[in-house]
Amino acid sequence: IERAGQEHFDRIVAADSRIEPRDWMPEGYRKTLTRQISQHAHSEIIGMQPEANWITRAPSLKRKAILMAKVQDEAGHGLYLYSAAETLGTPRRELNQQLLHGRAKYSSIFNYPARTWADMGAIGWLVDGAAIANQVPLCRCSYGPYGRAMVRVCKEESFHQRQGWEILHALSHGTPAQKQMAQDAVDRLYAPALMMFGPPDSDSSNSDQSMAWNIKRFSNDELRQRFVDMIVPQAEALGLTLPDPDLKWNEERGHYDFGPLDWDEFWRVVKGGGPLNAQRMQRRREAHAEGAWVREAAEAYAAKHTTTTTA
Ligand code: 3HC
């Protein structure tokens, strides 16, 4: 069966078609997708925190309503992605335990503080913008449930990115103090957003295999470059500058050259040493404990309801 399964799997991947939950798949394929999809889900859930802190501080009812909708979307993306990850055989409860016990990663970007309202704009424009650049190719991931989940997620992310851009545009065309607040948020989040695409290709332990299996369609550096090329003209339209003196159009390459990133900082944050790693994880554990009664009630209802119908 193994050999027939492997041949079937290889044929599907070679035909750039889709692997579905019931198809035979190499254990490594199952494992790397469980890793990536569950960490993607953890990122969505932890990513709710920086923005949730600003819902009660939004400058208008309109901005508050938009931010609430966005945070709600992130929770939904997490739900979508845990459901996709579960189809590979690991229950959501176990995936969540991996996060709670510090055995799973989530995107480094969410360990940075959101200091002012302008950060809501910079997160929408830069962080969700980077997420879109990374997630659009994932719509064509060889694993069906993940690729399909990404289609819905990308549609909602484009609203996130647009509302972020609009917040920054309003601030950068407001008072000098508002413009400075927008510039300060971009200064703080530009480099961490570029690191969302992962380490340089030379340090990317999963890329080769993920690309061979049509999980990853473009390398970390390729998508990072694509994102930089996209945000330079957008920053000009905003009237804001990107904090990178090496940013320069390179006619020969047809891309923008940009400055070196601090990969020591990246790995420090990934390993738990970022500005807010401890706070984000503590809040996550508290939320999990506070939500225990909801899970118990749902399980009690399900148990009662199931016995009634079978009785
Ligand atoms: N933060 C934390 N860990 C990171 C990271 C980051 N920004 N970038 C890479 N890593 C980790 C990887 O997980 C891997 O560790 P692991 O093997 O223990 O999982 C290690 O660093 C080496 O990186 P690789 O390049 O080898 O890893 P991948 O091939 O998995 O590529 C990735 C990294 C591009 C992030 C890929 O996992 C991916 O595309 N994931 C799906 C998208 C995602 O998770 N996005 C996170 C943001 S979600 C978000 O922004 C929500 C939005 O709504 C705001």
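As named in an unreviewed UniProt entry, the protein chain is Ring-1,2-phenylacetyl-CoA epoxidase subunit PaaA, taken from Raineyella antarctica.

Draft legend 1. Structural context of the packing of aromatic side chains. This structure, assessed with the given rule, holds nine aromatic pairs. Ring plane angle 70° and centroid distance 5.0 Å describe the contact between Trp-249 and Tyr-256, whose orientation is recorded as edge-to-face. Taking the relative accessible area as the measure of exposure, Trp-249 reaches 39% and is therefore partly exposed. One aromatic cluster is present, built from ring pairs that chain together Phe-9, Trp-24, Tyr-29, Tyr-143 and Trp-213. One residue, Arg-57, lies across the ring of Trp-54, its end atom 5.8 Å from the ring centre. The ring of Phe-218 carries Arg-226 above its face, with NZ or CZ at 4.3 Å from the centroid.

Draft legend 2. Layout of the site of the ligand. Around the ligand, a shell composed of 32 residues is seen, among which Glu-74, Lys-105, Glu-157, Ser-204 and Asn-206 lie nearest. At a separation of 2.8 Å, an oxygen atom of the ligand approaches a polar side-chain atom of Glu-74. Residue Lys-105 places a side-chain N or O atom 2.7 Å away from an oxygen atom belonging to the ligand. Of all elements in the fold, only helix H2 (27-46), helix H6 (118-138), helix H7 (144-172) and helix H11 (263-273) reach the threshold of two or more residues within the shell around the ligand. For the shell around the ligand, the residue count by class is 13 nonpolar, 12 polar and seven charged.

Rules used in this analysis
- Numbering of residues starts from 1 in every chain and runs along the sequence as written.
- In view of the model being predicted, local features appear only for residues whose pLDDT reaches at least 70, and side-chain atom pairs are presented and counted only at 80 or more, with totals across whole chains, interfaces and linings using the full set of residues.
- Computation of side-chain values covers all heavy atoms of the structure but excludes hydrogens and water.
- Aromatic contacts are taken between Phe, Tyr and Trp rings whose centres are within 6.5 Å, Trp giving its six-membered ring; a plane angle under 30 degrees counts as stacked, one over 60 as edge-to-face, and the others as tilted.
- Each residue is assigned to one of three classes by its accessible area relative to the maximum for its type, calculated with a 1.4 Å probe on protein chains only: buried under 20%, partly exposed between the two thresholds, exposed over 50%.
- Any Lys NZ or Arg CZ that is within 6 Å of a ring centre and within 35 degrees of that ring's normal is treated as a charge sitting over the ring.
- When we say a residue is near a molecule or strand, we mean one of its heavy atoms is within 4 Å of it.
- Residues adjacent in sequence count toward polar contacts only when both atoms are side-chain atoms; beyond that, a polar contact is any pair of N or O atoms within 3.5 Å, and within protein one must be able to donate a hydrogen and the other to accept it.
- Numbering of helices and strands runs from the N terminus; a helix is a DSSP stretch of H or I covering at least four residues, while a strand is a stretch of E covering at least two.
- Put simply, Ala, Val, Leu, Ile, Met, Phe, Trp, Tyr, Cys and Pro go in the nonpolar bin, Asp, Glu, Lys and Arg in the charged bin, and everything else, Gly too, in the polar bin.

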